[in-house]
Amino acid sequence: LTNCTFTSNSAIGGGGMFNEGGSPTLTDCTFASNSAGSRGGGMYNKDSSSPTLTNCTFANNSAIGGGGMFNEGGSPTLTDCTFASNSAGSRGGGMFNNSSSPTLTNCTFTSNSAIERGGAIFIAENAGSQIDNCVFSLNHAGDAGAGLCFEFSGGALNVVMTACVFTECCQNLPIGFGSDPELMNDLGWPCADCVGDVTCDAMVNAGDLGRLLSAWDTTQQRYDLNEDGIVNAADLGLLLGAWGPCQ
């Protein structure tokens, strides 16, 4: 499918499109203002469905879970796609992944929202994702994980992120839910609007200083504030220079 528009449609699942075992290829398609009573306002991919989407837009779609897209099984591939202003009544405003491992490259998630968790993306514990060069901005979640939220209670975490940007630190950093509080937010990168707030509490203070010092002389990306490959005095200087409330 090329240059197609799916708008103002509704269904129990997959308001704009429902794929069960099928893997269509979509290019330059738009899913706008569709709704689902349960899953996947814009698109619902079930079982082994692994569609390939390029330069597609999901905007203003809504559902209980996965306002823009709900993936349950399969491994969709999305490149240069945009998720904007989608909403979920529970989790995954932009996307909900359950028993699925999509690959996202050069995608943008902006102004998506969820009543509970994962304003942009919610990843269930039995799912995963490969997320490369994606941008998360101005997303919102009523509970936590406005940009990205993943369920995690130990073991292997099947989420790999490279070169992603979270433009609002305290609103967008990935958050995991597990038994060990030290696992919270550990997928984060230094944030453009509040360098030094490694604990993501809207304040650069002793808590951030302690975490940075505990990572001294390591390559832990979260504490390498100047991104030169090592946690050292240069990062300490940036943290101290940002001391106080985030601006």
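The structure displayed is predicted, hence computed values, not measured ones.

### A word on the overall build of the protein
Secondary structure summary: the protein contains three helices and 28 strands in total. Buried positions account for 47% of the 247 residues belonging to the protein. Across the protein, the fraction of contacts at a sequence separation of at least 24, relative to all contacts at a separation of at least 6, is 76%. Element-wise, carbon and sulfur atoms account for 51% of the exposed surface of the protein, whose accessible area totals about 9,700 Å².

### A short note on the packing of aromatic side chains
A full pass over the atoms with the stated rule returns nine aromatic pairs. Between Phe70 and Phe96, the aromatic rings sit 4.6 Å apart at their centres with planes inclined by 20°, giving stacked as the arrangement. Here Phe70 is found in strand S11 (residues 69–72), whereas its partner Phe96 is found in strand S15 (residues 95–98), with 26 residues between them in sequence. Phe96 sits in the buried class, given a relative accessible area of 12%. Ring geometry for Phe83 against Phe109: centres 4.8 Å apart, planes inclined by 10°, an arrangement best described as stacked.

### Digging into the sheet that holds strand S25 (residues 165–166)
Strands sit in the order S1-S5-S9-S13-S17-S21-S25 across an open sheet of seven strands; the sheet is parallel. Edge positions in the sheet fall to strand S1 (5–7) and S25, since each has one partner strand and no second.

### Observations regarding the pattern of salt bridges
For the structure shown, the criterion picks out two salt bridges. In this structure, the salt-bridge partner of Glu72 is Arg39, at a minimum N-O distance of 2.8 Å. Of the two residues, Glu72 sits in strand S11 while Arg39 sits in strand S6 (residues 35–39), which places them 33 residues apart along the sequence. The partner of Glu116 in a salt bridge is Arg91, and the shortest N-O contact between them spans 3.1 Å. Residue Glu116 is located in the loop between strand S18 (113–114) and strand S19 (121–123), and its partner Arg91 is located in strand S14 (residues 87–91); the two are separated by 25 residues in the primary sequence.

### Considerations on the pairing of S11
Pairing analysis gives four bridges linking strand S7 (residues 43–46) to S11, with the strands arranged parallel. Along S11, the bridge assignment pairs Asn45 with Asn71.

### A look at the sheet that holds strand S22 (residues 140–141)
The six strands lie next to each other as S2-S6-S10-S14-S18-S22, forming an open sheet whose pairing is parallel. Of all the strands in the sheet, just strand S2 (10–13) and S22 have a single pairing partner and so form its edges.

### Side note on the environment of Gly128
In this structure, Gly128 sits in the loop between S19 and strand S20 (129–132). In contact with Gly128, not counting residues within four places along its chain, are Asn97, Ser100, Ser101, Pro102, Ile123 and Asn158.

### Structural notes on the pairing of S14
The pairing of strand S10 (residues 62–65) with S14 spans three bridges and is parallel. Residue pairing in the sheet places Ser62 in a bridge with Ser87 of S14. Pairing between S14 and S18: two bridges, direction parallel. Looking at the pairing, Ala88 lines up with Ala114 of S18.

### A word on the confidence of the model for the protein
Here the protein shows a mean pLDDT of 85. Residues at 70 or above account for 84%. Contacts of residues 177–192 to residues separated by more than four positions or lying in other chains number 45 contacts, the stretch itself having pLDDT below 50.

### Overview of the side chain of Asn34
The topology assignment puts Asn34 in the loop between strand S5 (30–32) and S6. Of note is the side chain of Asn34, whose polar atom sits 3.3 Å from the backbone nitrogen of Ser8. In this view, Asn34 contacts Phe6, Thr7, Ser8, Asn9, Gly15, Gly16, Gly41, Gly42, Asn60, Asn61 and Ser62; residues no more than four positions away in its chain are not counted.

### Topic: the side chain of Asn98
Mapped onto the elements, Asn98 comes out in strand S15. Of the residues examined, Asn98 reaches a relative accessible area of 16% and is grouped as buried. With near-sequence residues (within four places) excluded, Asn98 lies in contact with Phe70, Asn71, Glu72, Gly73, Ala124, Asn126 and Ala127.

### Some points on the state of the cysteines
Within the structure shown, the criterion is met by zero disulfides. Cys81 takes part in no disulfide bond, and the closest cysteine sulfur, belonging to Cys107, lies 4.8 Å away. According to the relative accessible area criterion, Cys81 is buried, its value standing at 1%.

Conventions we followed
- Residues numbered from 1 in each chain as written.
- Predicted model: local features only at pLDDT ≥ 70, side-chain atom pairs only at ≥ 80, totals over all residues.
- Heavy atoms only, no water.
- Helix = DSSP H or I, 4+ residues; strand = E, 2+ residues; numbered from the N terminus.
- Buried < 20%, exposed > 50% of the residue type's maximum accessible area, 1.4 Å probe, protein only.
- Contact = heavy atoms within 4.5 Å.
- Areas by Shrake-Rupley, 256 points an atom, 1.4 Å probe, with all protein chains shown as cover.
- Phe/Tyr/Trp six-rings, centres within 6.5 Å; stacked < 30°, edge-to-face > 60°.
- Pairing = 2+ DSSP bridges.
- Salt bridge = Lys/Arg side-chain N within 4 Å of Asp/Glu carboxyl O.
- pLDDT = per-residue confidence, 0-100.
- Polar contact = N/O pair within 3.5 Å; in protein donor to acceptor, adjacent residues only side chain to side chain.
- Disulfide = S-S within 2.5 Å.

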